[in-house]
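Chain by chain, the residues run as shown.
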Amino acid sequence: MQTFIETQFPIARLSAESYKERKAGASQTLTGLGKWWGRKPLVLVRASIIGMLMPASNDAKRDREIFLKILTMDDDGTWQRCKGEIPASAWREAASPEIQEEFFGARSFIQGMSDEEKAAVCAQIWEALSSEEQLALDALRMRPISDRAEFETLSYAERLVHCERPENIAGPTPAAWGEINSHLGTTASNLPELVQQLGQRTFGHTPRVGDSFCGGGSIPFEAARIGCEAFGSDLNPVAGLLTWASLNLLGGDAALQAEVARVQQQTYTAADQQITDWGIEHNDRGERAEAFLYCVEVKPEGCDYYIPIAPSWVVSEKYRIVTRWTRVGDADRLQPEVLEVSEKEFRLYKDKKGSTMSDGRVVDPLDPARTWSVEALRGTDGLRRWSNEDVVSRANDVFQERLYCIRWSKTVMLNNRPKLVRRFSAPDSSDMARESRVLNLLLERFTGWQNKGFIPSMGIPEGGDETARLYRERGWTHWHQLYTPRQLLAYGCILENSAIASTKEVRVAMLLKLGVQANWSSKLCIWNADKSKGPGSTEQTFANQALNTLFNFGTRSFWQLRESLVKEFTFVEISNHQNKIEVIDARDLSNSCDLWITDPPYADAVNYHELGDFFLAWYEKQIRKDFSEWVPDARAELAVRGDGDDFRRSMVDIYKNLARHMPYNGLQMVMFTHQDPAVWADLGMILWAAGLKATAAWTISTETSAGIKKGNYVQGTVCLVLRKRAANEPGFLDEVYPLVEDEVKRQIASMQALDESGEPNFNDADYQLAAYAAALKVLTHYGTLDGKDVEHEVFSVRGKGEKSDFQTVIERALGIACDTLIPRGLDASWRDLSLVERYYLRSLDIESRGERRKGMYEELARGFGVSDIRPLLKSDKANGARMFTPSGLAASTLIAVTTGNSGASGQLGSQNTSGARGRASANGPHPFATSPLRHLMFAIRETTSADNSPEPGRQYLRDTFGQGYWTKREGFVALLEWLSALGNTADMGEWQADSEAARILAGRLRNDHA
Ligand SMILES: C[S@@+](CC[C@H](N)C(=O)[O-])C[C@H]1O[C@@H](n2cnc3c(N)ncnc32)[C@H](O)[C@@H]1O
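Residues numbered from 1 in each chain as written. Predicted model: local features only at pLDDT ≥ 70, side-chain atom pairs only at ≥ 80, totals over all residues. Heavy atoms only, no water.

Focus: the overall build of the protein chain
Moving on, step 1. Secondary structure summary: the protein chain contains 38 helices and 25 strands in total.
Moving on, step 2. Taken over the C-alpha trace, the protein chain has a radius of gyration of 32 Å; the compact-globule value for 1010 residues is 30 Å, and the two agree within 12%.
Moving on, step 3. C-alpha atoms of the protein chain, sized along the principal axes, occupy 95 × 75 × 65 Å.
Moving on, step 4. A buried classification covers 58% of the 1010 residues belonging to the protein chain. (Helix = DSSP H or I, 4+ residues; strand = E, 2+ residues; numbered from the N terminus. Rg over C-alpha atoms; globule rule 2.2 N^0.38 Å. Buried < 20%, exposed > 50% of the residue type's maximum accessible area, 1.4 Å probe, protein only.)

Structural data, given as structure tokens:
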């Protein structure tokens, strides 16, 4: 029996919902537990599970309506979710004076804050309120559109702006359940009941959903929330911990929630008292430190003072604070001066005035003509490698670290109201004495704390893609060296005080809280002085998916972490507590599941095993105690990565294992995003060799429409639905091709239909991916192809440039897709164009829709079989690709039409569409050079050059094509009309003059007579 997801999936609505969830930033349900890379949207997981459980009936339309009802994504559901926003003024009212001061003007948010930043501030305000205060604030929501009819005139994405996420409301109404039950023959009144009944019907029990690459836990968590038995496993213990916590901590009962809150509060109070007693964050002006800014300094040979290094010395844009360096006498340390400057002077600092790091060279601030390469400063043998005992650099190390600025604050009474007053200053002698005290306090505790796991003791693995940088650029060999003594002292103090936790759940809660702090305050945190960050703030360590060392960085004081430390977790109701989390290589798991939903690290750029160690260093000792069955090691050697032979082998083994651990009527979903056809072919062959067949593929786009316009879209996620392949029917290439062609066309037509209804707006990458997926659907039904065994094919050694049959079919699918996607308005002329002409026009088409990624132009070239696109690309920057305009091309790549290369007769395009390829070979000119389109472009250029007189252009065409001109004339007019519209498209300003010329030339040709 087919399931809903094997027949249809509401990709447009789901794309909008997924995007809304991702945009919620810090207020996403699971992100509060800690960082993991590539988390999947919960709404997508929910829809996938329901879609895999719900049977398809003969009435596709009604199936869709019911499916949307279950997810509250139908008209009633969205209206039910339309609760409106809490006005910014109400958020301001509810905020603490500090937050008001930092993020609000008189009524609303300060200018320049992004939606994500606003959402994070709102989440912070919300968490600090009592339940009654939250209710009162929630009551201030105003349905921005009070009339339902008016609401329903909005597009789905527009509606969602005013809607809660499905996970945050109670679910379908009783009336909706009536309709759902009558269609499905169920008796449910909530999601878990429905899930239970559908599972019972197909599998004879509550469905078991598993994810063998569970990462941050989205899949097991959502499965358990909606009533499935959940299984999650990952090789990485940090992922194991996050997933375990999503189910057992966030899903904890009221007693656990209260205990977590109590321990959080007590820990904070005790640590705060300790830090106050130590006197390391307070000064004698009654102020408390919020942030400490540090930089690296170096004394190059020939320079008799240390040079503090930073690419920018801006401290706070909001207060116009900068740091300036001077030398007093012949001291070998420069003196920082932290001061407020004029608007004009501040602009200069923003433009890198005084910068001591430029293009990999250290610049002397007192004599900017003197510079030294960082590479050379590190020396030919590299830096000294730190030992575990090193918490700061030694006196003779090349790079030293120093404190250069402290941000202080205190609350004063002004007109009977508390007001937060801030001050930025360079450290004075008592500040430096406090720094020494911090170091001594830490050293006194260092060994004991390492033994107890209150601070990291783990070494940094050598030779990793990310970790090698830490060795090379700083000499760091242990994870604790990524923190200042001040940070280690504060974090150790927090963990020591949180030892009051008496249960595993609470201990995990406190550990994960610490991990969150570590992400937001380590020596790898960029100091962001921007106004949108209030007085300035640290970025997270993992602002990108890398471990980057910094020459200057910001750190937060313990005091600054206080809100985050006591912030409540987002507790949720989990319906099914039958769950199991394992830390295990996916090849070795032995748990059976009815549905496997996985998001594998295929050809992934994220080095999970290396990045995860940043957190594991803090969790390792506790994991040993509380999860003794887990191996507290990232086991880098087992991690699936890259795209070579090892990758393929491990993936085949893993998916064979998953197929072994599912029933015959079970289903799998594999989610992935990669766009390279080689990876697609690989993944297809892997799944095929694992004994699976694809039954459907859907692309969910998780990007904004604004993003699409800017051309910087994140690609869609492809959800491939698979079953076990029962029979191993033989397939033959000549039979397969027409089937692939039909499937690709069908898939594209269904996406186009959705595009036309105005909802999702797929980009070219989505169409290409859909084409690949369609090819997989056809191919994986067979056991062999032209007598060749798939597994043998996956691992057979190929020469450079040699392709498997599989890859050829996949690429052919792309060709079909390219040819099916005709730019709007060119349908009539398309058939008559050569491949290279089609390529040029399709490239212009994607350019006019904001696409700038060079990879997309190359992918198109593959689809049209054009081997050399360089002569056609005006710019081939990775993210700034553009095609030449007619005037831009001028007379280049233009070859006169002769009988030999005759474009002068017959159809508009001279080449046979399956023949000439765009290759500028040594043997002949680039095929575009002789194409009629190229000559037409030259005629446009002639028109532009003649101040829009069409005569020279028309004459050129007549001379070039002779009698052939008359047969081509109509086709020319159609092309000119299409090109004439380009100049009016946003961001196609370069086309303005040529488009106008094309319009005029089209008019002239239309009225031309022999
Ligand atoms: C793309 S992520 C999954 C993200 C997850 N779906 C989420 O929503 O957070 C891939 C995961 O595969 C894990 N992994 C890599 N090699 C593995 C292996 N051999 N066995 C199990 N897990 C592995 C990585 O640790 C990583 O967490």
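Read on for the rest.
Brief notes about helix α3 (residues 60–70)
Moving on, step 1. Within the span of α3, buried status applies to Asp63, Ile66, Phe67, Leu68, Lys69 and Ile70.
Moving on, step 2. Here the buried face of α3 lies against α1 (11–23), α2 (42–53), α4 (75–81), α11 (174–184) and α12 (191–203).
Moving on, step 3. After α3 finishes, the residue threonine 72 shows a positive phi value of roughly 50°. (Contact = heavy atoms within 4.5 Å.)

Some remarks on the site of the ligand
Moving on, step 1. Around the ligand sit 24 residues in total, of which Lys40, Gly216, Asp234, Asp599 and Val640 are the nearest.
Moving on, step 2. The contact in question runs from an oxygen atom of the ligand to an N or O atom on the backbone of glycine 216, over 2.8 Å.
Moving on, step 3. At 2.7 Å, a side-chain N or O of aspartate 234 approaches an oxygen atom of the ligand.
Moving on, step 4. Taken by itself the ligand offers 600 Å² of open surface, and the protein chains cover 98% of this.
Moving on, step 5. Taken together, the residues of the shell around the ligand break down into eleven nonpolar, seven polar and six charged. (Near = heavy atom within 4 Å. Polar contact = N/O pair within 3.5 Å; in protein donor to acceptor, adjacent residues only side chain to side chain. Areas by Shrake-Rupley, 256 points an atom, 1.4 Å probe, with all protein chains shown as cover. Nonpolar A, V, L, I, M, F, W, Y, C, P; charged D, E, K, R; others polar.)

Some points on the pairing of strand β16 (residues 579–583)
Moving on, step 1. In terms of burial, β16 is largely enclosed, as four of its five residues are buried.
Moving on, step 2. Looking at chain direction, strand β2 (residues 229–234) and β16 are connected through five bridges and run parallel. Paired with alanine 230 across the two strands is asparagine 579, which belongs to β16. (Pairing = 2+ DSSP bridges.)

A look at the sheet that holds strand β20 (residues 717–724)
Sheet strands line up and pair through hydrogen bonds in the backbone, either parallel or antiparallel.
Moving on, step 1. The seven strands are arranged β16-β2-β1-β17-β18-β20-β19 in an open sheet whose pairing can be described as mixed. Edge positions in the open sheet fall to β16 and β19 (692–700), since each of these has one partner strand only. Each strand axis lies, on average, 15° off the axis of its neighbour in the sheet, ignoring direction.
Moving on, step 2. Here strand β1 (residues 208–211) runs beside strand β17 (residues 595–598); their pairing, made up of two bridges, is parallel. Within the sheet, the bridge partner assigned to glycine 210 lies in β17 and is tryptophan 596. (Axes fitted to C-alpha atoms, helices over the stretch in contact; angles between N-to-C directions.)

As for the nonpolar core
Moving on, step 1. With 134 residues, the main nonpolar core has Phe9, Ile49 and Trp618 as its most contacted residues.
Moving on, step 2. When neighbours within four sequence positions are excluded, tryptophan 618 is seen to be in contact with Gly453, Phe454, Ile455, Pro456, Tyr483, Leu488, Tyr491, Leu495, Leu511, Leu514 and Ala518.
Moving on, step 3. Counting residues in hydrophobic clusters, the runner-up holds 114 residues, among them Trp688, Leu776, Leu779 and Val836. (Core = buried A, V, L, I, M, F, W, Y, C linked by side-chain atoms within 4.5 Å.)

A look at the sheet that holds strand β6 (residues 321–326)
Moving on, step 1. Taken in spatial order, the three strands make up an open sheet running β5-β6-β7, and their pairing is antiparallel. Only two strands of the sheet have a single neighbouring strand rather than two, namely β5 (314–316) and β7 (335–340). Pairwise comparison of adjacent strand axes, ignoring direction, gives a mean angle of 35° for this sheet.
Moving on, step 2. Pairing between β5 and β6: two bridges, direction antiparallel. Within β6, the residue paired with valine 314 across the bridge is valine 322.
Moving on, step 3. Across the sheet, helix α16 (residues 343–350) lies against β5 and β6, angled at about 75° from β6, the strand it touches most.

Examining the environment of alanine 120
Moving on, step 1. Tracing the sequence through the fold places alanine 120 in helix α7 (residues 115–127).
Moving on, step 2. Alanine 120 sits 29 residues away from alanine 149 along the chain, and the two C-alpha atoms are 32 Å apart.

A closer look at the packing of helix α35 (residues 932–945) against helix α36 (residues 951–961)
Moving on, step 1. At their nearest, the axes of α35 and α36 sit 7 Å apart, and the two run at 150° to each other. By the angle between their axes, α35 is roughly antiparallel relative to α36. Handedness of the α35/α36 crossing: right-handed. Contact with α35, carried on its side by Pro932, His935, Leu936, Phe938, Ala939, Glu942 and Thr943, involves Pro952, Gly953, Tyr956, Leu957, Thr960 and Phe961 of α36 and no other residues of that element.
Moving on, step 2. Considering only residue class, the contact of α35 with α36 consists of eight nonpolar, four polar and one charged. (Parallel < 35°, antiparallel > 145°, perpendicular 65-115°, else oblique. Left-handed = near helix turned anticlockwise from the far one by under 90°.)

Here's the deal with the confidence of the model for the protein chain
Moving on, step 1. On average, residues of the protein chain score 89 in pLDDT, and 94% of them reach the 70 mark or higher.
Moving on, step 2. Long-range and interchain partners of residues 704–714, a stretch whose pLDDT sits below 50, account for 19 contacts in this model, where long-range means more than four residues apart.
Moving on, step 3. Across residues 899–921, confidence stays below pLDDT 50; counting only partners more than four residues off in sequence or on other chains, it has 62 contacts. (pLDDT = per-residue confidence, 0-100.)

Description of the packing of aromatic side chains
Moving on, step 1. With the rule as written, the count across this model stands at 39 aromatic pairs.
Moving on, step 2. Their ring planes at 65° and their centres at 6.5 Å tell us that tyrosine 839 and phenylalanine 864 sit as a pair that is edge-to-face. Taken together, the residues tyrosine 839 in helix α32 (residues 835–848) and phenylalanine 864 in helix α33 (residues 854–864) connect sequence positions 25 residues apart. You'll find tyrosine 839 and phenylalanine 864 in the same group, each marked buried.
Moving on, step 3. Cluster of aromatic residues (ring-pair linked, three or more members): Trp36, Trp37, Trp479, Tyr483, Tyr491, Phe542, Tyr608, Phe614, Phe615, Trp618 and Tyr619.
Moving on, step 4. The side chain of arginine 474 reaches across the aromatic face of phenylalanine 551, ending 4.9 Å from its centre.
Moving on, step 5. Directly above the aromatic system of phenylalanine 292 lies the positively charged group of arginine 486, at a separation of 3.9 Å from the ring centroid. (Phe/Tyr/Trp six-rings, centres within 6.5 Å; stacked < 30°, edge-to-face > 60°. Lys NZ or Arg CZ within 6 Å of the ring centre and 35° of its normal.)

Let's talk about the pattern of salt bridges
Moving on, step 1. One pass over the full model with this rule turns up 78 salt bridges.
Moving on, step 2. Across the pair glutamate 340 and arginine 320 runs a salt bridge whose closest N-O atoms are separated by 3.6 Å. A residue pair is termed long-range when its members are at least 10 positions apart, and glutamate 340 in strand β7 and arginine 320 in the loop between β5 and β6 qualify at 20 residues.
Moving on, step 3. You can call glutamate 340 exposed: its relative accessible area is 54%. (Salt bridge = Lys/Arg side-chain N within 4 Å of Asp/Glu carboxyl O.)

Here's the deal with the pairing of β1
Moving on, step 1. Pairing of β1 with β2, which is carried by four bridges, proceeds in the parallel orientation. Paired with valine 209 across the strands is alanine 230, a residue of β2.
Moving on, step 2. Between β1 and its parallel partner β2, the chain crosses via helix α13 (residues 218–225), and the hand of that crossover is right-handed. (Right-handed = clockwise from strand over helix to strand, strands pointing away.)

Considering the side chain of glutamate 287
Moving on, step 1. Relative to the helices and strands, glutamate 287 resides in the loop between α15 (254–278) and β3 (288–298).
Moving on, step 2. Separated by 2.8 Å, the side chains of glutamate 287 and asparagine 283 make a polar contact.
Moving on, step 3. Separated by 2.7 Å, the side chains of glutamate 287 and arginine 423 make a polar contact.
Moving on, step 4. Ignoring any residue separated from it by four or fewer positions in sequence, one finds glutamate 287 in contact with Glu281, His282, Trp408, Ser409, Lys410 and Arg423.

Details of unusual backbone geometry
Moving on, step 1. Residue arginine 320 is not a glycine yet carries a positive backbone phi of 50°.
Moving on, step 2. Residue class for arginine 320 comes out partly exposed when judged on its relative accessible area of 25%.
Moving on, step 3. A positive phi angle, close to 50°, is found at aspartate 359, a residue other than glycine.
Moving on, step 4. Looking at the element boundaries, aspartate 359 is found in the loop between β8 (357–358) and β9 (361–363).
Moving on, step 5. Of the residues examined, aspartate 359 reaches a relative accessible area of 77% and is grouped as exposed.

Some remarks on the packing of α32 against α35
Moving on, step 1. With their axes 9 Å apart at the nearest point, α32 and α35 run at an angle of 50° to one another. Looking at the two axes, α32 sits oblique to α35. Contacts between α32 and α35 involve Glu837, Tyr840 and Leu841 on the former and, on the latter, Pro932, Leu933 and Met937.
Moving on, step 2. Classifying every residue of the contact of α32 with α35 gives five nonpolar, no polar and one charged.

Some words on the environment of leucine 514
Moving on, step 1. On the secondary structure map, leucine 514 appears in helix α21 (residues 504–520).
Moving on, step 2. Separated by 105 residues in the primary sequence, leucine 514 and tyrosine 619 place their C-alpha atoms 9.2 Å from one another.

Re the state of the cysteines
Moving on, step 1. One pass over the full model with this rule turns up zero disulfides.
Moving on, step 2. No disulfide involves cysteine 82; its sulfur sits 5.4 Å from the nearest other cysteine sulfur, which is in cysteine 163. (Disulfide = S-S within 2.5 Å.)

Topic: the environment of histidine 609
Moving on, step 1. Its location among the elements puts histidine 609 in helix α23 (residues 608–626).
Moving on, step 2. Along the sequence, histidine 609 and glutamate 743 sit 134 residues apart, while their C-alpha atoms lie 39 Å from each other.
Moving on, step 3. Not counting residues up to four positions away in its chain, the partners in contact with histidine 609 are Asn236, Ala634, Ala636, Ala639 and Arg641.

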